[in-house]
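Summary of the model geometry
In case you want the letters, here they are:
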Amino acid sequence: MKSAQPHLRTVPLQETHAEAICNWVYEPPYDLYGWLPWPQMQALGIEFGDPDVRRQQYAAVVDSAGELIGFAQFFPLVGVTRLGIGMRPDLCGQGLGTLFMMPIIAEAKRRAPENAIDLEVHVWNERAIRVYERVGFRITDTYEKRTPDGYRPFHCMVFQG
């Protein structure tokens, strides 16, 4: 990411992207967003470790040089595309959130133009919530959701465009 305003776009999430994502390490409290090691993801066939799920639901976000910036999951629900989003840890908190979200929203619309777009976010993740609000998401619900650490509060945010 050399330029001040890089051009970001989505591309199919390749195995090399998936392996790189599994090596990302986030600082606390964001460290809960890490993934299992890539060989384990493949062996279990979970999330982007399953080639079919990777092809159908995931996209990489890259800059104009093809450098991996992050990823998005486009999880299909009835009438809704639920986003799962991850930015490369060294780029988090650097003011790139809005730029990062724009191609993800465009891809969600391209994949299922008739669907609403939503996402879930931990209520404590104010940094992400501010970005989501800046690009047009609004909190529509707050609820407890089961996590590996027990039940935790989440906001559901819906894209209002």
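We now turn to the structure provided with this report. (Residues numbered from 1 in each chain as written. Predicted model: local features only at pLDDT ≥ 70, side-chain atom pairs only at ≥ 80, totals over all residues. Heavy atoms only, no water.)

**Focus: the nonpolar core**
Grouped burial of nonpolar side chains is what soluble globular proteins tend to show. To be explicit about the condition: Put simply, a nonpolar core is a bunch of buried Ala, Val, Leu, Ile, Met, Phe, Trp, Tyr and Cys residues held in one set by side-chain atoms that sit within 4.5 Å of each other. Burial classes follow relative accessibility: with a 1.4 Å probe on protein chains only, a residue under 20% of its type's maximum area counts as buried, one over 50% as exposed, and anything between as partly exposed. Contacts are residue-level and defined by heavy atoms, with any inter-residue pair within 4.5 Å sufficient.
Formed by 43 residues in total, the largest nonpolar core has its most connected members in Phe-48, Leu-83, Phe-100, Met-101, Ile-104, Tyr-132 and Phe-137. Discounting chain neighbours no more than four positions away, the residues touching Leu-83 are Gln-73, Phe-74, Met-101, Ile-104, Ala-108, Ile-117, Asp-118, Leu-119 and Phe-137.

**Description of the pattern of salt bridges**
Filter applied, for reference: The working definition used for a salt bridge is a side-chain nitrogen of Lys or Arg within 4 Å of a carboxyl oxygen of Asp or Glu. By the criteria applied, helices consist of DSSP H or I runs no shorter than four residues and strands consist of E runs no shorter than two, each listed in order from the N terminus.
For the structure shown, the criterion picks out 8 salt bridges. Where Glu-120 meets Arg-82, a salt bridge forms, and the shortest distance between an N and an O atom there is 3.5 Å. One end of the pair, Glu-120, is in strand 5 (residues 116–122); the other, Arg-82, is in strand 4 (residues 80–87), and 38 residues separate them in sequence. By relative accessible area, which is 22% here, Glu-120 ends up partly exposed. Residues Glu-107 and Arg-111 are paired through a salt bridge, measuring 2.9 Å at the closest nitrogen-oxygen approach. Separated by 4 residues within a single helix, Glu-107 and Arg-111 lie in helix 4 (residues 97–111), roughly one turn from each other.

**Let's talk about the packing of helix 4 against helix 5 (residues 126–134)**
To keep it simple, the criterion reads: Angles here are taken between N-to-C directions and fall from 0 to 180 degrees, while the axes themselves are lines fitted to C-alpha atoms, restricted in helices to the stretch in contact. Comment on the angle field: the value is read as roughly parallel under 35 degrees, roughly antiparallel over 145, roughly perpendicular from 65 to 115, and oblique elsewhere. The hand of a helix crossing depends on one turn: near helix anticlockwise from the far one by less than a right angle means left-handed, and clockwise means right-handed. Residue classes follow a fixed rule: Ala, Val, Leu, Ile, Met, Phe, Trp, Tyr, Cys and Pro count as nonpolar, while Asp, Glu, Lys and Arg count as charged, and any other residue, Gly among them, counts as polar.
Two elements in contact, helix 4 and helix 5, have axes separated by 9 Å at closest approach and are oriented at 55°. Classified by the angle their axes make, helix 4 and helix 5 are oblique. Judged by the twist between their axes, the crossing of helix 4 over helix 5 is right-handed. Residues Gly-97, Thr-98 and Met-101 of helix 4 form the contact with helix 5, whose participating residues are Val-131, Tyr-132 and Arg-134. Of the residues belonging to the contact of helix 4 with helix 5, the class tally is 3 nonpolar, 2 polar and 1 charged.

**Quick word on unusual backbone geometry**
The amide bond that connects Pro-28 to the next residue, Pro-29, takes the cis arrangement and shows omega of 5°. Turning to its location among the elements, Pro-29 is positioned in the loop between helix 1 (15–22) and helix 2 (38–44). Of note in this structure, Glu-47 is not a glycine but carries a positive phi near 45°. Here Glu-47 lies in the loop between helix 2 and helix 3 (51–57).

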